[in-house]
Amino acid sequence: MSKPIAVVKYGTSSIVTGGVIDKSKLEAYAQKVAKLSAEFSVILVTSGSIALAREELTARGRPIEDEQILAMIGSAGLVVAWQQVFADLDMVAGQLLVTHREIADTTEHQSLKVALTNSMQLGVITVVNENDALSVKELAKLAYGGDNDGLASHIAKLMQADVVLLLTDSYGLLDASSSLVRKVANNDKQHDQVKSWAGPYNERGQGMLSKVEAAIDAAKNGIDAYIAGSGADYKDVMSGKTGTHFLAA
């Protein structure tokens, strides 16, 4: 019997610190993924390429604001960093850049699904990122929201995953009194309530709201979704000890 599938997503703030990749954090994340891989086939969704390039170029006195170009510059360094920390654990990781075109493909032999399936069968950790350099910005935002949160949800739906973990620098979703929300029931009333607690998008179309919307999308499609701190142990998250669990339909 094949393993259940887990989609694990790390946000920019969990990867890039002070304009550079925080290798110690990546090493810790890779160790957690390795442990999770004993029970799940893992697909990793990562952000960080734009922030990485922006800070590097600013430090060099050559600032660029075009996010498509920043994504092109920062993408290679980001995936190499992931490959290195997995290689240290004798694991193989490969990059898969995704645009709206692959998400919208519903043909029988969908290239994205085939690539992900083959990677899992071979035990390769697929490191997925939105291909911002080739994405049409309006379509990308409409399709899956900011900072790859919605992309993680779409990947989870495409692969009929069992769980999606949206990991960030927050312990989970906080309610109006700043208390951690442990569980979110699968109904429209509850979903509307938690979206009001998440607040607006930030200036880059990111933030807790994009994670909440992605989690709701996954949960409505039968996938257990969690928002939790990037440093949390996955088993603690999935057992309800920490983070926010969006109950699957």
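The rules behind these values
Residues numbered from 1 in each chain as written. Predicted model: local features only at pLDDT ≥ 70, side-chain atom pairs only at ≥ 80, totals over all residues. Heavy atoms only, no water. pLDDT = per-residue confidence, 0-100. Helix = DSSP H or I, 4+ residues; strand = E, 2+ residues; numbered from the N terminus. Contact = heavy atoms within 4.5 Å. Buried < 20%, exposed > 50% of the residue type's maximum accessible area, 1.4 Å probe, protein only. Core = buried A, V, L, I, M, F, W, Y, C linked by side-chain atoms within 4.5 Å. Phe/Tyr/Trp six-rings, centres within 6.5 Å; stacked < 30°, edge-to-face > 60°. Axes fitted to C-alpha atoms, helices over the stretch in contact; angles between N-to-C directions. Parallel < 35°, antiparallel > 145°, perpendicular 65-115°, else oblique. Left-handed = near helix turned anticlockwise from the far one by under 90°. Nonpolar A, V, L, I, M, F, W, Y, C, P; charged D, E, K, R; others polar.

Student: Mind laying out the confidence of the model for the protein chain, listing which residues take part and the relevant values?
Tutor: Overall, the predicted model of the protein chain reaches an average pLDDT of 87, with 90% of residues at or above 70. Looking over the protein chain, one finds the lowest element-wise mean pLDDT in helix α6 (residues 137-144), namely 44, and the highest in strand β10 (residues 244-246), namely 98. Low confidence marks residues 138-145, where pLDDT is under 50. Its contacts with residues over four positions away, or in another chain, come to 16 contacts.

Student: Any details on unusual backbone geometry? Residues and values, ideally.
Tutor: Positive phi is not limited to glycine here, since Asp90 has a value of about 60°. By secondary structure assignment, the location of Asp90 is in the loop between α3 (67-87) and β5 (93-98). Note on Asp90: relative accessible area 73%, which makes it exposed. The phi dihedral of Gln160 is positive, around 50°, even though this residue is not glycine.

Student: Lay out the nonpolar core in plain terms, naming residues and giving numbers.
Tutor: One finds Val7, Ile43, Val128, Ile155, Val164, Val212 and Phe246 to be the most contacted residues of the largest nonpolar core, which totals 36 residues. Element by element, the count of residues in this core is highest for helix α9 (residues 208-220), at eight residues.

Student: Lay out the packing of aromatic side chains in plain terms, naming residues and giving numbers.
Tutor: The full count for this structure, using the stated rule, is four aromatic pairs. Between Tyr10 and Tyr29, the aromatic rings sit 4.0 Å apart at their centres with planes inclined by 20°, giving stacked as the arrangement. Linking Tyr10 in strand β1 (residues 5-10) with Tyr29 in helix α1 (residues 23-36), this pair joins segments that are 19 residues apart in sequence. For the pair Tyr10 and Tyr29, a shared accessibility class is recorded, and that class is buried. Pairing Tyr10 with Trp82 gives two aromatic rings, centres 6.0 Å apart and planes at 35°, and the pair type is tilted. Note that Tyr10 is positioned in strand β1 and Trp82 in helix α3, a separation of 72 residues in sequence. A relative accessible area of 0% places Trp82 in the buried class. One aromatic cluster in this structure is built from Tyr10, Tyr29, Trp82 and Phe86.

Student: Residue-level account of the packing of helix α8 (residues 188-198) against α9, with values.
Tutor: Remark: α8 packs on α9, axes separated minimally by 8 Å, with the N-to-C direction vectors making an angle of 165°. Classified by the angle their axes make, α8 and α9 are roughly antiparallel. Between α8 and α9 the crossing geometry is right-handed. Contact residues: α8 offers Asp188, His191, Val194, Lys195 and Ala198, while α9 offers Met208, Leu209, Val212, Glu213, Ile216 and Lys220. Looking at the contact of α8 with α9, its residues break down into six nonpolar, one polar and four charged.

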